[in-house]
Amino acid sequence: MNTPIHTDLGATLERSRSGLRESHRRSIMRLLFAATGAALVVFACLQILNGFWWVGAGELAAAATLFFGVGRLRTTLHLQRWIYAYLITLFSFFLVIMLLPQASVSAFVWVLMIPVLAYLLLGKREGMLLSVPFMLLGGVIYYVHLGNVGSPRVLIDLLNMVLCGVLMLAFIHVYEIWREEAEQRLVDMAETDALTGLANRSKFQSILNRTIAESARSGTEFALVIMDIDHFKVVNDTLGHDAGDQVLSSIALRLTERLRATDSVGRLGGEEFGLILRDVKPAVAFELMDELRQRIAERDLTYGEAHIRVTASFGIAQWPADGRDARTLFCMADRGLYSGKRSGRNCIARPDGVAHRRPREILSGRAS
């Protein structure tokens, strides 16, 4: 069985914190650093010409730091720290400029950029936590700057600023909620088998990789099981693919009913399923699968006038005894599965070929 390493899409998106992957956030941050640095050089020259030499000197120093960061952002392992450092410094700079209206009368418009950058780079939760305090401070500074708000004109200016800021924050927050919901639906679709509702092959392999990593840290064992429905082609050829789909859905339901909350199950493709039994010894895993094997063999599925009864074969590989990586475990479980099929099906087998078998019951009724 070919078992390429698949990226856990859900975990990747969760680590990204926002709708951007880490590589995209790096690119945006490098662009922001370069653009901000270039803008600061221009503003610094203008501030010096305007008589605010100390503001200009600070802007030149900040520009030099930003240009240095453009190179560092390509490989740094602390991207999140760089983002926070940039945003907090930038937002604080906005507030400082707002306190100096003689230096820049229009600086108050920059407060509206705060939620845009924060949500883009940090996501909904962290973006809101960072945006709200700075926007409140910006509103207070603007209020103080206006002076007498008893004047209708001044009051209109204040209300325009406050209303625009609140709407900007609200719209971005709502957008992020909807984006996350849509993104999660896409992730679920990409990781779920449409027919059975189980994890698909890619998701199952990601779960297996994660289970291996967790078991290596904790020192606990687990079992990988590959299950195949015996003579499934007979069902499709005799009763049609709709009957086969119902059999697959029924098997999926039985698997989820029997397994523990800590276990995982997925459809690997066709009539083949994968199971991960967490924290079990080989004897316990064998006992669990034998009970499941019997439940499958003893239950009928009615399809029209036909009563379909199928059996299943199981191959078990134990971590770490049979392998320490996903590829090896899959190969060993596959070896056990085909050993069981050669022994007559409706059985459980390990890679060494030891099998446990009960009388085989395949199909009864019109499909026999």
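Quick note: structure is the one above.
A quick note: this is a predicted structure, and the numbers were derived from the prediction, not measured.

Chemist: Can you lay out the pattern of salt bridges for me, pointing to particular residues and giving the numbers?
Modeler: Tallied over the full model, the rule gives 17 salt bridges. Between E180 and R179 there is a salt bridge; the shortest N-O distance is 4.0 Å. A relative accessible area of 27% means that E180 is categorised as partly exposed. Here D228 and K341 are joined by a salt bridge, their closest N and O atoms 2.8 Å apart. In this pair, D228 sits in strand β1 (residues 222-229) while K341 sits in helix α11 (residues 326-342), placing the two residues 113 residues apart along the sequence. Relative accessible area serves as the criterion here: at 10%, D228 is assigned to the buried category. Each of K124, E176, R179, E180 and E183 takes part in a single network of salt bridges with overlapping partners.

Chemist: How would you sum up the packing of helix α2 (residues 22-49) against helix α3 (residues 53-72)? Please name residues and give values.
Modeler: The relative placement of two packed helices is expressed as an angle between their axes plus a distance between the axes. At a minimum axis distance of 8 Å, the contact between α2 and α3 shows a crossing angle of 160°. Of the possible angle classes, the one that applies to α2 and α3 is roughly antiparallel. Crossing hand, α2 versus α3: left-handed. Contact residues: α2 offers R30, F33, A34, T36, G37, A38, L40, V41, F43, A44, Q47 and I48, while α3 offers W53, V55, G56, E59, L60, A62, A63, L66, F67, G69 and V70. Tallied by class, residues from the contact of α2 with α3 come to 16 nonpolar, 5 polar and 2 charged.

Chemist: Pulling in residues and values, what's your account of empty space enclosed by the protein?
Modeler: One pass over the full model with this rule turns up 3 cavities of 30 Å³ or more. The calculated volume of the largest cavity comes to roughly 40 Å³. Taken together, V247, S250, I251, R254, I296, R299, L301, I308, R309 and V310 make up the full set of residues lining the largest cavity. Element by element, the count of residues in the lining of the largest cavity is highest for helix α9 (residues 241-258), at 4 residues. Each residue belonging to the lining of the largest cavity can be placed in one class, and the counts come to 6 nonpolar, 1 polar and 3 charged.

Chemist: So what's going on with unusual backbone geometry? Residues and values would help.
Modeler: With omega at 5°, the peptide bond leading from W319 into P320 counts as cis. Unusually for a residue other than glycine, H231 sits at a positive phi of about 50°. Structurally, H231 is set in the loop between β1 and α8 (232-239). With a relative accessible area of 29%, H231 lands in the partly exposed category. One non-glycine residue, D279, lies in the positive phi region at around 55°. If you trace the backbone, D279 turns up in the loop between β3 (272-278) and α10 (282-298). Look at D279 and you get exposed, because its relative accessible area is 57%.

Chemist: Requested: an account of the layout of surface pockets, with residues and values cited.
Modeler: Of the pockets and cavities examined, the largest pocket occupies roughly 770 Å³. T36, L40, L90, F93 and F94 are, among the 30 residues lining the largest pocket, the residues nearest its centre. Those elements that place two or more of their residues in the lining of the largest pocket are α2, α3, α4 (79-98) and α5 (113-146). In terms of residue count, the dominant contributor to the lining of the largest pocket is α2 (9 residues). Split into classes, the residues belonging to the lining of the largest pocket amount to 21 nonpolar, 8 polar and 1 charged.

Chemist: Go over the side chain of E59, please, and point to the residues and values.
Modeler: Note on placement: E59 falls in helix α3. The charged side chain of E59 is buried without a salt bridge, its nearest counter-charge being R30 at 23 Å. In terms of polar contacts, E59 uses its side chain to reach the backbone amide nitrogen of A44, at 2.9 Å. Not counting residues up to four positions away in its chain, the partners in contact with E59 are L40, F43, A44, Q47, F93 and I97.

Chemist: Can you break down α9 residue by residue, with the values?
Modeler: If you check α9, its first and last C-alpha atoms are 26 Å apart, about what 18 residues at 1.5 Å a residue would give, namely 26 Å. Looking only at α9, the buried set comprises A243, G244, V247, L248, S250, I251, A252, R254 and L255.

Chemist: Describe the side chain of S264, naming the residues involved and giving the relevant values.
Modeler: Summarising the element assignment, S264 is placed in strand β2 (residues 264-269). A residue is classified by how much of its surface remains accessible, and S264, at 17% relative accessible area, is buried. Not counting residues within four places of it along the chain, the set of residues in contact with S264 comprises F204, I207, L259, G274, L275 and I276.

Chemist: Just give me the short version of the environment of T196, but keep the residues and values in it.
Modeler: For T196, the location among the structural elements is in the loop between α6 (152-191) and α7 (201-218). Linking T196 and Q246, residues 50 residues apart in sequence, is a C-alpha distance of 9.2 Å. For T196, the contacting residues outside a window of four places in its chain are L248, S249, A252, R267 and F273. Only 2.6 Å separates the side chain of T196 from the side chain of D193, close enough to count as a polar contact. At 3.3 Å, the side chain of T196 forms a polar contact with the backbone nitrogen of L198.

The rules we used
Residues numbered from 1 in each chain as written. Predicted model: local features only at pLDDT ≥ 70, side-chain atom pairs only at ≥ 80, totals over all residues. Heavy atoms only, no water. Salt bridge = Lys/Arg side-chain N within 4 Å of Asp/Glu carboxyl O. Buried < 20%, exposed > 50% of the residue type's maximum accessible area, 1.4 Å probe, protein only. Helix = DSSP H or I, 4+ residues; strand = E, 2+ residues; numbered from the N terminus. Axes fitted to C-alpha atoms, helices over the stretch in contact; angles between N-to-C directions. Parallel < 35°, antiparallel > 145°, perpendicular 65-115°, else oblique. Left-handed = near helix turned anticlockwise from the far one by under 90°. Contact = heavy atoms within 4.5 Å. Nonpolar A, V, L, I, M, F, W, Y, C, P; charged D, E, K, R; others polar. 1 Å grid on protein atoms, 1.4 Å probe; cavity = no way out; pocket = protein on both sides within 12 Å on 5 of 7 lines; lining within 4 Å. Points joined across faces, edges and corners; volume = space filled by probe spheres on them. Lys, Arg positive; Asp, Glu negative; His and termini not counted. Polar contact = N/O pair within 3.5 Å; in protein donor to acceptor, adjacent residues only side chain to side chain. Expected span 1.5 Å × (residues − 1).

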